[in-house]
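Residue-level listing of the chains:
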Amino acid sequence: MTKEQLNNLLSQMTIEEKIGQLVQLTTEYFNESGEITGPLANLDITEEQVNNCGSVIGAHGAKVTRSIQEQYLAKSRLKIPLVFMSDIVHGSNTIFPSPLGLSSSFNPENAKICSQVAAKEACVQGHHVTFAPMVDLARDARWGRNMETTGEDPYLNSLYARAFVEGFQGNSLTDENTIAACVKHFAAYGMVLAGREYNMVDLSERFLREWHFPSYRAGIDAGSAMVMTSFNTVNSVPATGNKWLMNDVLRGEMGFDGAVISDWGAVKEQLEHRTAANEKEAAIKALNAGCDMEMMTPCYYHTLKEAYENGEVSMELIDTSVMRMLELKNKLGLFENPYRFGDEAAEKTVLLSDEFKSLAKKVSDESIVLLKNNGVLPLENANVVLTGPLSDSNDLMGPWSWQGRFEDVVKVKDALSEAHYIETSRLTNAQISYLSGTVIYVGGEYGNESGEAHSKTNIDLSENQVNDIKRLKAQGLKVVLVLFNGRPLALREILNDVDAIVECWHLGTMAGSCVRDVLLGKVNPSGKLTMSFPYNTGQCPIFYNDFPTGRPLNSNYFDYVSKYEDAPNTPLFSFGHGLNYSDIKITDIKYSSTILEDEIKVDVTLTNTGRTGVEVVQLYVKDLAADVIRPNKELKAFNRVEVKDTAAVTLKITKDMLMYYNDQCEFKYDAGQFEIMIGLNSIDIASTIIVVK
Ligand code: GLC
């Protein structure tokens, strides 16, 4: 439709029809089953209001989306089609690693591949919009949704945000195999106080701008069609009713002109926050803040007509949001083809195709992080003992695995069929006393131990798993711990009891095959952590890009330094850490200059005396004197490179890498000295001082 046609359509709509376009309901209101991802309540709405609603959440399958659309349009006076939205986060039917796993490959192209495959599978099921990417920055391992983030670094998060959006949306939303992206959750949801889900967030504007806005901006600059509000407060105002955040920043500064949807129930939850006395106040605040669509609560339905009639909201304000929803549908080509690319027959060949599983395998292989290895890996053969609670489990996809089916997941036990499998419940001391050699212990977290509404106050490995591992160790076995988990775990208690730790995250459909290939050396692990693994839960939140204090550990203040009595200040495993089966070292670093005018080139030479492998050369910066405290190190460039015997990579330093927000939120850089750190992780680094003119 042309803009003129859209305006003409808008002019024909009644206020009831307009308000309907601002509401999203689950499939239950259309007598179909679908995915429920939030609290269900009786919305107390009329059949007419259901017939006017603009969007449906959680529908899956071409048959269901077509059926709902057909029935809906038959009753629609102006034939405005529904837009279907769902949480297709790290795969639709072929499930890829959770985003925290995807980011561990330090290969944003993998995120693009994941979202391209997801878009193809979603499209053929008649899908239109995905509530992804989630680009919240994470720092607190107690929070359940870390698995859905790409970690603790704003720069890496920004690269992944862009890659996801490009993968989902392709070149045009009228093209087949594309779905609209929805960057979420705006903003700073990952900073919930104490890591407790849905808790308040309290951040300075400076931190918001420096740490959190970059990844949302990257997703928006990549063209994301939608943005979703977050549950949390920003500057003590719930994001969904926050005019500064949604109008001044999102639409004003970031230039976002697409549609904003609330998170599930977040419009009405302003009453729980006690920033709205009733549904009408909640609706008015949300609409004024630019929240165009209300997900699964009835405030807009219950009160906007009356608010308009009382002059509390203008028709212009309502029309602005309605037009954004109509434009979203228009971008998707829904007026011309309400069924878009839904094709029941094509589902049979597209979903979970061998091609998609092969792509998922490659991406999953690259997401695995070898945290520890004393030489026990790679195994010579699969003639090992296999046990552990997740060794015979297909619960390896994690939360938000949409239409991923457990039965399609490759279990470790099936992939390592030659191994001597012992069901964990039979791992008695007597049984263990007969064992020798190497044992693969597969543990970590079940899928429902992380994800939304699953924060923890203790992120240790479970007591049973610790006990099993210690008994196996006591028997003199070599223990290889394979972990499937959503969040960073506190592994200190078993660190010295295991000979290797293979971090697999929620690895997805191809999990078992990837584990087999890494354990047997067919795949040389190459992943690197994008979120710190704490020494213990008490260290949370802990992150590599932390800040100086007035009394650093190495200062000569005797006992009066920044430390703990019962733990180090450093994590157990740091950001950027990850081992491989090669022997790759940085053997030379050359700077084109140590004076930064326009650009400094850093030529890094790597030498490998082992098998061919992949390394990630990382470049960190530290501002040595600024208007405000600056991180002790910030990732500003990296290069993932395969090394046979030797390899050379060039990283560039430019002034835009050194920019920051000062205490007046002015974006600037300082002339003066900076420390540049080069390494294969964030701890073992080689430093050089440069001077910025
Ligand atoms: C959930 C999540 C959000 C998701 C939405 C719809 O509560 O917070 O990420 O997209 O509801 O399922």
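Here, the structure is the one placed above.
This is a predicted model, so every value here is computed, not measured. (Residues numbered from 1 in each chain as written. Predicted model: local features only at pLDDT ≥ 70, side-chain atom pairs only at ≥ 80, totals over all residues. Heavy atoms only, no water.)

Lining the immediate environment of the ligand, one finds 14 residues, of which Thr-37, Asp-87, Arg-145, His-185 and Asp-263 sit closest. Here an oxygen atom of the ligand and a side-chain polar atom of His-185 are 2.6 Å apart. Between Glu-452 and the ligand, the recorded distance is 3.0 Å, taken from a side-chain N or O atom to an oxygen atom. Starting from 310 Å² of accessible surface for the ligand in isolation, the protein chains cover 100%. Spatially, the ligand is embedded in the largest cavity. (Near = heavy atom within 4 Å. Polar contact = N/O pair within 3.5 Å; in protein donor to acceptor, adjacent residues only side chain to side chain. Areas by Shrake-Rupley, 256 points an atom, 1.4 Å probe, with all protein chains shown as cover. 1 Å grid on protein atoms, 1.4 Å probe; cavity = no way out; pocket = protein on both sides within 12 Å on 5 of 7 lines; lining within 4 Å. Sits in = over half its atoms within 2 Å of the grid points.)

On the surface, a nonpolar cluster with roughly 430 Å² of combined accessible area is contributed by Tyr-557, Phe-558 and Tyr-560. By secondary structure assignment, the location of Tyr-560 is in the loop between helix H19 (511-519) and strand E17 (584-591). When its relative accessible area of 58% is taken as the criterion, Tyr-560 is described as exposed. (Patch = residues over 30% accessible without salt bridge, like charges linked within 9 Å, V, L, I, M, F, W, Y side chains within 5 Å. Salt bridge = Lys/Arg side-chain N within 4 Å of Asp/Glu carboxyl O. Helix = DSSP H or I, 4+ residues; strand = E, 2+ residues; numbered from the N terminus. Buried < 20%, exposed > 50% of the residue type's maximum accessible area, 1.4 Å probe, protein only.)

Let us look at the sheet that holds strand E5 (residues 182-186). Strand order in the open sheet formed by three strands is E5-E6-E9, with parallel pairing between adjacent strands. Among the strands making up the open sheet, the edge pair consists of E5 and strand E9 (259-261). With strand direction ignored, the average angle separating the axes of adjacent strands in the sheet is 25 degrees. Summarising the sheet, E5 and strand E6 (residues 226-229) pair through three bridges and their orientation is parallel. The residue of E6 that forms the bridge with Val-183 is Val-227. (Pairing = 2+ DSSP bridges. Axes fitted to C-alpha atoms, helices over the stretch in contact; angles between N-to-C directions.)

Let us now look at the pairing of strand E19 (residues 599-608). Burial along E19 is one-sided: Ile-600, Val-602, Val-604, Leu-606 and Asn-608 are buried, while Glu-599, Lys-601, Asp-603, Thr-605 and Thr-607, pointing the other way, are not. Sheet topology places E17 next to E19; seven bridges connect them, and they run antiparallel. Looking across to E19, one finds that Ile-584 is bridged to Asn-608. As defined by bridge partners, E19 adjoins strand E22 (residues 646-654) across nine bridges and the pair is classed as antiparallel. Paired with Glu-599 across the strands is Thr-654, a residue of E22.

By size, the foremost hydrophobic cluster in this structure holds 104 residues, and its most contacted members are Phe-186, Leu-377, Val-482, Phe-484, Val-502 and Leu-519. Dropping the residues within four chain positions of it, Leu-519 is found in contact with Leu-377, Pro-378, Leu-379, Leu-416, Ile-440, Val-480, Val-482, Val-502 and Tyr-581. In this structure, Leu-82, Cys-299, Tyr-300 and Val-322 belong to the second largest nonpolar core, which totals 65 residues. (Core = buried A, V, L, I, M, F, W, Y, C linked by side-chain atoms within 4.5 Å. Contact = heavy atoms within 4.5 Å.)

Scanning the entire structure with this criterion turns up 47 salt bridges. Between Arg-142 and Asp-140 there is a salt bridge, with the nearest N and O atoms lying 2.6 Å from each other. Asp-140 carries the same exposure label as Arg-142, and that label is buried. When the shortest N-O distance is used, the salt bridge between Glu-279 and Lys-268 registers 3.0 Å. Taken together, the residues span a long stretch of sequence, with Glu-279 in helix H10 (residues 279-288) and Lys-268 in the loop between E9 and H10 at a distance of 11 residues.

The next subject is the sheet that holds E17. Each strand in a sheet pairs with another by means of backbone hydrogen bonds, the pair being arranged parallel or else antiparallel. Strand order in the open sheet made by the three strands is E17-E19-E22, with antiparallel pairing throughout. Pairing within the sheet leaves two strands with one partner each, and these edge strands are E17 and E22. Neighbour to neighbour, the strand axes of the sheet diverge by 25 degrees on average, direction disregarded.

Summed over all chains, the structure comprises 18 aromatic pairs. When the ring of Trp-505 is compared with that of Phe-533, the centres are 5.9 Å apart and the planes differ by 70 degrees; the resulting orientation is edge-to-face. Of this pair, Trp-505 sits in the loop between strand E16 (500-503) and H19 while Phe-533 sits in the loop between H19 and E17, placing them 28 residues apart in sequence. Exposure class is identical for Trp-505 and Phe-533. Each is buried. When the centroid spacing of 6.4 Å and the interplanar angle of 75 degrees are considered together, the rings of Phe-533 and Phe-573 count as edge-to-face. One end of the pair, Phe-533, is in the loop between H19 and E17; the other, Phe-573, is in the loop between H19 and E17, with 40 residues separating them in the sequence. The residues Phe-533 and Phe-573 share a single accessibility class, namely buried. Through pairs of rings, three or more aromatic residues link up here, namely Phe-106, Tyr-155, Tyr-544, Phe-575, Tyr-620 and Phe-638. (Phe/Tyr/Trp six-rings, centres within 6.5 Å; stacked < 30°, edge-to-face > 60°.)

Of the volumes computed, that of the largest pocket is approximately 840 Å³. As for the largest pocket, its lining consists of 26 residues, and the residues nearest its centre are Asp-546, Phe-547, Asn-569, Thr-570 and Asn-632. In the lining of the largest pocket, the residues fall into 13 nonpolar, nine polar and four charged. One number sums up the size of the second largest pocket: a volume of about 640 Å³. When contributions to the lining of the second largest pocket are tallied by element, the ones reaching two or more residues are helix H7 (154-169), helix H8 (205-221), helix H9 (243-253), strand E21 (634-643) and strand E23 (660-661). Per-element tally for the lining of the second largest pocket: the top contributor is H8, with eight residues. (Points joined across faces, edges and corners; volume = space filled by probe spheres on them. Nonpolar A, V, L, I, M, F, W, Y, C, P; charged D, E, K, R; others polar.)

A few words now on unusual backbone geometry. Across the chain, the bulk of peptide bonds are trans and the bulk of non-glycine residues have phi less than zero. Pro-133 follows Ala-132 through a cis peptide bond whose omega is 5 degrees. Structurally, Pro-133 is set in the loop between strand E4 (129-130) and H7. Put simply, Phe-186 and Ala-187 share a cis peptide bond, and its omega is 5 degrees. Assignment of secondary structure puts Ala-187 in the loop between E5 and H8.

With 16 residues, helix H6 (residues 108-123) extends 22 Å from end C-alpha to end C-alpha; this agrees with the ideal 22 Å at 1.5 Å per step. Counting buried positions along H6 yields 12 of 16 residues, so the element is predominantly enclosed. Along H6, the positions that sit buried rather than exposed are Pro-108, Asn-110, Ala-111, Ile-113, Cys-114, Ser-115, Val-117, Ala-118, Ala-119, Glu-121, Ala-122 and Cys-123. Where H6 is buried, its residues meet helix H5 (99-103), H7, helix H13 (344-350), helix H14 (354-367) and E21. (Expected span 1.5 Å × (residues − 1).)

Counted under the stated rule, the structure contains two cavities of 30 Å³ or more. Space inside the largest cavity adds up to approximately 80 Å³. Along the wall of the largest cavity there are 14 residues; nearest its centre are Thr-37, Asp-87, Asp-263, Trp-400 and Glu-452. In the lining of the largest cavity, the residues fall into seven nonpolar, two polar and five charged. What lines the second largest cavity is simply Ala-62, Thr-65, Arg-66, Phe-84, Gly-126, His-128, Pro-338, Tyr-339 and Gly-342. At three residues, the largest contribution of residues to the lining of the second largest cavity is made by helix H4 (residues 62-75). Its residues placed into classes, the lining of the second largest cavity shows four nonpolar, four polar and one charged.

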